Amino acid sequence: MLHLSILLWLPALFGLLGLLVPARHVRWVGVLGAVLALAFSIVLVLDFEPHGSAFQHVTDTTWISALGVRYQLAVTGLNVWLVLLTTVGFAFSSLWIATTSLGTDPRAKHVILHLGIAQTAVLGALLAQDLILFVAFFDLMLIPFFFLTAQFGNGTNEERVRATIKMIVYTLVGSLLMLVAAIAVGVLATPDGQAVSYNIQEIAQRGVPEGSQGWLFACFAAAFLVKMPAFPIHGWLADGYKAMPLPILAVFSGVLSKVAVYGFLQIALPILPQGTADLRWVVLILAVLSILYASSLALTTFNARLVLAYSSVAQLGFITLGVMSLRPDGASGALLQSVNHGVAVFGAFLAVAILGRRTGGSEDLRDMGGAATKMPVFAVLFIVVTYAVLAMPGTANFVGEFLILRGAWEGTAQGLAIVASLGVALAAVYALRLFIRGSHNRVAAKVEPREGTRPELALMAIPVVLIAALAFHPQQTVKAADDATTRAVQRAAIVVGPDHVRKILEADPSARNIAPEPFADVPPSAGTVRPIGGARTTGPASQSDPATDPNTGRAVGVDPSTGQATTPSGGAAGSTVQVDPSTGQTVDPSTGQPVEPPSAQTEGAGR
Amino acid sequence: MSTLAVTEAPHIDWAGISSLIALFGGAVVVLLVGLLRARFARLTLVPVLTIVAFAASIGLAIWQWDEDTSLMSGALGLDPLAMIGVVGIGVAGIAAVLLSIGATAPREAAHGEYHAMMLVAAAGGAMFVGAENLITTFIGLELLSIPLYVLAATELHRRRSLESGLKYLIVGSVGSATLLYGFALIFGATGSLDYAAIADQVAAKGLGDDPLMLGGVAMVVVGLAFKSSVAPFHQWTPDVYEGAPTPVTAFMATATKVAALIAFLRLFDGALIGASDAWGPALAALASIAIIVGNVGALGQSSMKRLLAFSSIAQAGYMLVGVVVATKLGVQATVFYVLTYVVMTAAAFAVIEAAERESGHDGISALAGLGRRRPLHAIALTLSMLGLAGVPATVGFVAKLRIVQAAVDGDYSWLAIVLVVGSMISFVYYLRVVARLWTDEPAGVAVAPQSQAVEVEAPEAVATTTAVADPKGLPAAAVPGGGAVVVTGATILPMTVLAVVAGAAIVVLGVIPGPLMTVVEDVARAVPELFR
């Protein structure tokens, strides 16, 4: 039994241990903590059973009994790879810090402490299965970056303090609204006479009243979209990125924004299906606007950091698109792409740091150039990273973008997918522009032509190796995520409409069996809440989906794909025992669980 | 029992009022000991005895915890709400006494008198939180306020301090008068002074829309809003906080808040619960105004004491939310919040007092680079600021969580949103303070052109600088009255102790809030009217 609390608190513990060590050696304490956490999470990934129980390695105790808040951690298909990305990112960042002046700074203890707290907070947000616990960690993970930027950032004291306060307050606008929404979700979902529970699963089962889902979803979406950030709420981005030291920025950009994506899949979609269905077009359009807007800014800015900053925004636009397509493949692609992008960003920021050092600290593209001839090893590593950023076929990023775009094509309007795919082309242009400006061209006046130092190149090799590994085995991530993403999008997909469900089932018939709410066996609660949504006059979902009658709607959706004569009874109630046609398994109606996972799906389990 | 007993002298439950007696008795003893000529008696014995008195009253309150009756013909409640108030005031009092060690104010006002007044004020607060009768409420309030008017003016040679005392006196009297007039109207409408009888009358006669009653309630709201510095009745707060000696400010900010908020709970969620339709929206509006005005007002402040004054206005707004919803959850949330507020504010004032002794002023610049000079102080203040802002892993987060839950549960979701919007604004000024602690070099102040400021920055310089000698113009911080009295070589050890204890409490209670929450669960017993 792997105890998740160990993984969760290990980084913070090592951060505190660092306080007891002389300042010269503290960086190695940080590295040790991060590497141990990394080893732990590798074991977790290896131990993960893709088609096993939805929650693995569960930890569950009371935290604040008076409020019904519990300390619940679990590994799921959604978070297992993100946990690995987090530990990789922080290990990479710790190693990087150990080789730079940050690690030898007299105040290196602060760096290690805050980095440790940040890692604990990110892991906590990923592992938490209790809504309030999630919100607490989600809010907490910002604070260490405030200290890191304010103390060690670029620019004068005033500038970086202003930048980082702007960043914190901006992102808190969303986070604090999410706090209210989280509490409201828990309170509203609680039936009379029962204790409040903030367990995400339980809230999803209890169901939040339809009428409130709109504003609640808006609050959650605000928190996640600001964090990513998405257009037009990206105001903190440029200042924040410019002020943050690069080793910190790599992990901030590579890991923290992914927690927002995860938040959509883990929380917003399952517990607010109606809100998701109503407002998903707003989010989709923001995502596409983010892709186009950020890509064009990345094309025009001369600040190398900001090229990467805006490329992150564009990538996160893609990822959001995949999530909001409400299709398992789109969502799995989004998770894969989160991992890919994180890894690529680690390498890209390191490349910017190396290039910046050559130019005497300038991160202006116009001051760079000539790296390919003067520092060939670096240039080779850099081009691999560049390919990953631009999603070259052959990299896992390409697989991720492909899955996302396919999901968007099937799950949303096709026009949206076409417009979004412009972003793929633009990504090639800005990524290559960064590479060419940095590595080709004439060497600018200020540049010292020198190969990267060995530690730098060794560090740079880490993301390159990871990119290669992901390129050879992209399916691992997708496989782990498949069931979990199906579960995540299920409820919202059902609300969106029968056509949507039918398309999902056509693509992947096995999706029907996945607990807790199989497509073929829609529980009565969804039926009772549906008419309220249908009775509303506004809302994109009801416009795009004229068949608002729940019973006929579902019968149409289910029938052709199952090929079963469920016509009247299948739509009326979920209480009949059903035999699944594709697998021959009995579906237990009370739990909605298939009695045993079909043998066809267990291939990866014995690993 | 209360109505039958009036013909005879009421039975006095000495055990029940023992915590009050400890405070009054302590005041007398301290006053007498203060007259001794020995330096030891005045400088050491008096503060120690004061702390003993506070501690005794806390201990006696805990001893009486399980009681649930009323004393002296229903004049005073003896229930967990009252006892938790006594504990809160006692903790605030101990903090204030620790801050007073070596401070200017007790020396100028004579140690005995200074500490005795603090004990009397605390006794008034203890009466105020227990009062279940309009008369005792008023007596408790006056007993709490009048010593504070004097204490605010105890730095006799500083004009700001005198001004602060006078301002507090005038505004406080207006508040008291308004409150008293409101009480009179409520008495007129219901014909009784007891909270329980008032609640019965309101329920029986349906006085929820009686003009006399509503007039009375409105004036009580205004009067209590003055006392607990809820905007728009807050104008006195920044000036008084800034002008009063810092230990007194700390006492005012914490003890008065505990007393006023618990009085709010008792009066509104107890006696006047039947009229909640009338006062609910009004209090909700006041709370929102306080949250916005307090947080926006704090943005431009460069004096720490003024900043905390505005922040306390906002915090009073947060705490009122629990009163507004008038539910069991709301009562618990407010009590929990006010207790945590005491801890967080005590930590902040401890650091401010120490910085003031070193630099001679309370401007934010006095804190620059504190992270390198005095890491313990910097950590404590950081935790305090993050806690007041409501960052997770501090007790402020849990407190805010409770308030928001109470608001959402009581169908005041919009108020919860106002609350978090206010917290967002608050992050700007709290984080600005934190940034100054950690980012600035200790020599950061030397950037200022004038060279006189140099003494301030020398890391170990036990500040001898007066604010007058500091010409770089910290407009709000400098003491224009001249002759800022800074104690040279004054100890800061008590401040460090207080800061460390309070800072640790902020984190420990933030991570393990369970025990304190269980204690707070009990207080709902004191407002049975909520369950009718």
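Conventions used here
Residues numbered from 1 in each chain as written. Chains lettered and ligands numbered in written order. Predicted model: local features only at pLDDT ≥ 70, side-chain atom pairs only at ≥ 80, totals over all residues. Heavy atoms only, no water. Helix = DSSP H or I, 4+ residues; strand = E, 2+ residues; numbered from the N terminus. Buried < 20%, exposed > 50% of the residue type's maximum accessible area, 1.4 Å probe, protein only. Contact = heavy atoms within 4.5 Å. Areas by Shrake-Rupley, 256 points an atom, 1.4 Å probe, with all protein chains shown as cover. Axes fitted to C-alpha atoms, helices over the stretch in contact; angles between N-to-C directions. Parallel < 35°, antiparallel > 145°, perpendicular 65-115°, else oblique. Nonpolar A, V, L, I, M, F, W, Y, C, P; charged D, E, K, R; others polar. Left-handed = near helix turned anticlockwise from the far one by under 90°. Buried area = accessible area lost by both parts, 1.4 Å probe. Polar contact = N/O pair within 3.5 Å; in protein donor to acceptor, adjacent residues only side chain to side chain. Pairing = 2+ DSSP bridges. Phe/Tyr/Trp six-rings, centres within 6.5 Å; stacked < 30°, edge-to-face > 60°. Lys NZ or Arg CZ within 6 Å of the ring centre and 35° of its normal. 1 Å grid on protein atoms, 1.4 Å probe; cavity = no way out; pocket = protein on both sides within 12 Å on 5 of 7 lines; lining within 4 Å. Points joined across faces, edges and corners; volume = space filled by probe spheres on them. Core = buried A, V, L, I, M, F, W, Y, C linked by side-chain atoms within 4.5 Å. Patch = residues over 30% accessible without salt bridge, like charges linked within 9 Å, V, L, I, M, F, W, Y side chains within 5 Å. Salt bridge = Lys/Arg side-chain N within 4 Å of Asp/Glu carboxyl O. pLDDT = per-residue confidence, 0-100.

Caption draft 1: Spotlight on the overall build of chain B. Of regular secondary structure, chain B possesses 22 helices and two strands. Burial status across chain B gives 64% buried among its 532 residues. Counted over contacts in chain B with a minimum sequence separation of 6, partners at least 24 positions apart contribute 79%. For chain B, the exposed area adds up to about 17000 Å²; of that, 69% sits on carbon and sulfur atoms.

Caption draft 2: Representation of the overall build of chain A within the structure. On a plain count of helices and strands, chain A comes out with 26 helices and four strands. Burial analysis of chain A (607 residues in total) assigns 63% to the buried set. In chain A, of all internal contacts separated by at least 6 residues, the share reaching a separation of at least 24 is 79%. For chain A, the accessible surface area stands at approximately 20200 Å², while carbon and sulfur atoms represent 64% of it.

Caption draft 3: Local environment of the packing of helix α4 (residues 80-100) of chain B against helix α12 (residues 246-271) of chain B. Residue and element names in this part refer to chain B. Taken N-terminus to C-terminus, the directions of α4 and α12 make an angle of 175°; their axes are 8 Å apart at the nearest point. With respect to α12, the element α4 is oriented roughly antiparallel. For the pair α4 and α12, contact is made by Leu-81, Ala-82, Ile-84, Gly-85, Gly-88, Ile-89, Ala-92, Gly-93, Ala-96, Leu-99 and Ser-100 and by Pro-247, Ala-250, Phe-251, Thr-254, Ala-255, Val-258, Ala-259, Ile-262, Leu-265 and Arg-266, respectively. For the contact of α4 with α12, the per-class residue count stands at 15 nonpolar, five polar and one charged.

Caption draft 4: Representation of the side chain of B:Arg158 within the structure. The residue B:Arg158 is located in the loop between α7 (134-152) and α8 (159-190) in this model. What makes B:Arg158 buried here is its relative accessible area of 8%.

Caption draft 5: Geometry of the packing of α4(B) against helix α6 (residues 111-130) of chain B. All names here are of chain B. Put simply, α4 and α6 touch, their axes get as near as 9 Å, and they point 165° apart. As far as their axial angle goes, α6 and α4 are roughly antiparallel. Viewed along their axes, α4 and α6 form a crossing whose handedness is right-handed. Between α4 and α6, the contacting residues are Ala-82, Gly-85, Val-86, Ile-89, Ala-96, Val-97 and Ser-100 on the first element and Tyr-114, His-115, Met-118, Ala-122, Gly-125, Ala-126, Val-129 and Gly-130 on the second. Taken together, the residues of the contact of α4 with α6 sort by class into 10 nonpolar, five polar and no charged.

Caption draft 6: Just the interface of chain B and chain A, in detail. The partner chain A presents 33 residues to the 34 residues of chain B that form the contact. Of all residues in chain B, B:Leu401, B:Gln405 and B:Met424 give up the largest surface area on contact with chain A, accounting jointly for 19% of the area buried on that side. In this assembly, chain B and chain A are joined by three residue pairs in polar contact (both at pLDDT 80 or more). For the side of chain B that touches chain A, the leading source of residues is helix α19 (residues 413-439) of chain B, giving 14 residues. In the side of chain B that touches chain A, the residues fall into 22 nonpolar, six polar and six charged.

Caption draft 7: Representation of unusual backbone geometry in the model. Residues and elements named next belong to chain A. With omega at -10°, the peptide bond leading from Met-228 into Pro-229 counts as cis. Locating Pro-229 in the fold gives a position in the loop between α10 (210-227) and α11 (237-243). In this model, Ala-391 sits at a positive phi of 60°, which is unusual for a non-glycine residue. Within the secondary structure, Ala-391 is located in the loop between α17 (376-390) and α18 (396-411). With a relative accessible area of 5%, Ala-391 lands in the buried category.

Caption draft 8: Expanded view of the pairing of strand β1 (residues 56-64) of chain A. Residues and elements named next belong to chain A. As paired elements, β1 and strand β2 (residues 69-75) share six bridges and run antiparallel to each other. Looking across to β2, one finds that Thr-61 is bridged to Tyr-71. Turn length for the β1-β2 hairpin, with the two strands adjacent in sequence and antiparallel, is four residues, and the turn residue Gly-68 shows positive phi of about 75°.

Caption draft 9: The packing of aromatic side chains, seen in detail. Tallying each qualifying case throughout the model produces 26 aromatic pairs over all chains. Arranged with centres 5.8 Å apart and planes meeting at 80°, the rings of A:Phe138 and A:Phe224 form a pair that is edge-to-face. Here the residue A:Phe138 occupies a position in helix α6 (residues 131-140), and A:Phe224 occupies one in helix α10, the gap between them amounting to 86 residues. Side by side, A:Phe138 and A:Phe224 carry an identical accessibility label, which is buried. A centroid spacing of 5.2 Å and a plane angle of 90° characterise the contact between B:Tyr149 and B:Tyr168, whose relative ring orientation is edge-to-face. Here the residue B:Tyr149 occupies a position in helix α7, and B:Tyr168 occupies one in helix α8, the gap between them amounting to 19 residues. On the basis of relative accessible area, B:Tyr149 is assigned to the buried category, the value being 7%. Connected via pairs of aromatic rings, a cluster forms that spans A:Phe134, A:Phe138, A:Phe217, A:Phe220, A:Phe224 and A:Phe264. Positioned above the aromatic ring of A:Phe302, the side-chain terminus of A:Arg433 is 5.2 Å from the ring centre.

Caption draft 10: Examining empty space enclosed by the protein more closely. Residues and elements named next belong to chain A. Per the counting criterion, the structure on display carries 15 cavities of 30 Å³ or more. Its volume calculated, the second largest cavity comes out at about 200 Å³. Contributions of two or more residues to the lining of the second largest cavity are made by α9 (200-206), α12 (246-271) and α21 (474-496). At four residues, α21 tops the list of elements feeding residues into the lining of the second largest cavity. Counted by class, the lining of the second largest cavity contains 10 nonpolar, five polar and two charged residues.

Caption draft 11: Representation of the environment of A:His51 in the model. Residues and elements named next belong to chain A. Following the sequence through the fold, His-51 ends up in the loop between α2 (26-47) and β1. With relative accessibility at 16%, the residue His-51 sits in the buried group. Considered as a pair, His-51 and Ala-121 are 70 residues apart in the sequence and their alpha carbons are 28 Å apart.

Caption draft 12: Fine view of the nonpolar core. Of all hydrophobic cores here, the largest spans 383 residues; its most connected members are A:Phe134, A:Phe220, A:Phe264 and B:Phe268. Of all the elements, helix α15 (residues 328-359) of chain B adds the most residues to this core, at 20 residues. Among residues more than four places away in sequence, those in contact with A:Phe220 are A:Leu131, A:Met178, A:Ala181, A:Ala182, A:Val185, A:Ile267, A:Ala268 and A:Leu272.

Caption draft 13: A nonpolar patch on the surface, seen in detail. Residue and element names in this part refer to chain A. Residues Leu-13, Leu-16, Leu-17, Leu-19 and Leu-20 make up a contiguous nonpolar surface patch of roughly 490 Å² in combined accessible area. Inspection of the secondary structure assignment puts Leu-20 in the loop between α1 (4-17) and α2. Judged by its relative accessible area of 71%, Leu-20 is exposed.

Caption draft 14: Expanded view of the layout of surface pockets. Taken as a whole, the largest pocket encloses approximately 1300 Å³ of empty space. Lining the largest pocket are 39 residues, and of these A:Leu16, A:Leu113, A:Ile117, B:Leu383 and B:Val507 lie nearest its centre. Put simply, the parts of the chain that give the lining of the largest pocket at least two residues each are α1, α5 (108-127), α6 and α7 (143-152) of chain A together with α16 (370-373), α17 (375-389) and α21 (493-511) of chain B. A per-class count over the lining of the largest pocket returns 28 nonpolar, eight polar and three charged.

Caption draft 15: Structural detail: the side chain of B:Thr237. Relative to the assigned elements, B:Thr237 resides in helix α11 (residues 236-243). For B:Thr237, the residues in contact, after removing those within four places along its chain, are B:Ser229, B:Ala309, B:Ser312 and B:Ile313.

Caption draft 16: Representation of the confidence of the model for chain A. Here chain A averages 79 in pLDDT, while 83% of its residues score no lower than 70. Ranking the helices and strands of chain A by mean pLDDT puts α5(A) first, with 92, and helix α26 (residues 567-572) of chain A last, with 36.

Caption draft 17: Local environment of the environment of B:Leu376. Residues and elements named next belong to chain B. Topologically, Leu-376 is positioned in helix α17. Accessibility expressed as a relative area gives 48% for Leu-376, which makes it partly exposed. A C-alpha to C-alpha distance of 29 Å links Leu-376 and Ala-122, two positions 254 residues apart in sequence. Filtering out sequence-adjacent residues up to four positions away, Leu-376 remains in contact with Thr-496 and Val-500.

Caption draft 18: Expanded view of the confidence of the model for chain B. All names here are of chain B. Averaged over chain B, the pLDDT score is 82; the fraction of residues at 70 or greater is 87%. The element-level mean pLDDT for chain B is lowest in helix α20 (residues 454-457), coming to 37, with α17 highest at 92. For this predicted complex, the interface score ipTM comes out at 0.84, alongside a pTM of 0.84.

Caption draft 19: Quick look at the pattern of salt bridges. All names here are of chain B. Evaluated as defined, the whole model comprises 21 salt bridges over all chains. Residue Arg-306 is joined to Asp-239 by a salt bridge in which the shortest nitrogen-to-oxygen separation is 3.0 Å. Linking Arg-306 in helix α14 (residues 304-325) with Asp-239 in helix α11, this pair joins segments that are 67 residues apart in sequence. Under the relative-accessibility criterion, Asp-239 is labelled partly exposed at 25%. The shortest N-O distance in the salt bridge between Glu-353 and Arg-357 comes to 2.8 Å. Of this pair, Glu-353 and Arg-357 both sit in helix α15, separated by four residues, roughly a single helical turn. Accessibility assignment for this pair places Glu-353 and Arg-357 in one class, buried. Bridged by salt links that share partners, the residues Arg-160, Glu-163, Lys-167, Asp-239, Glu-242 and Arg-306 form one connected network.

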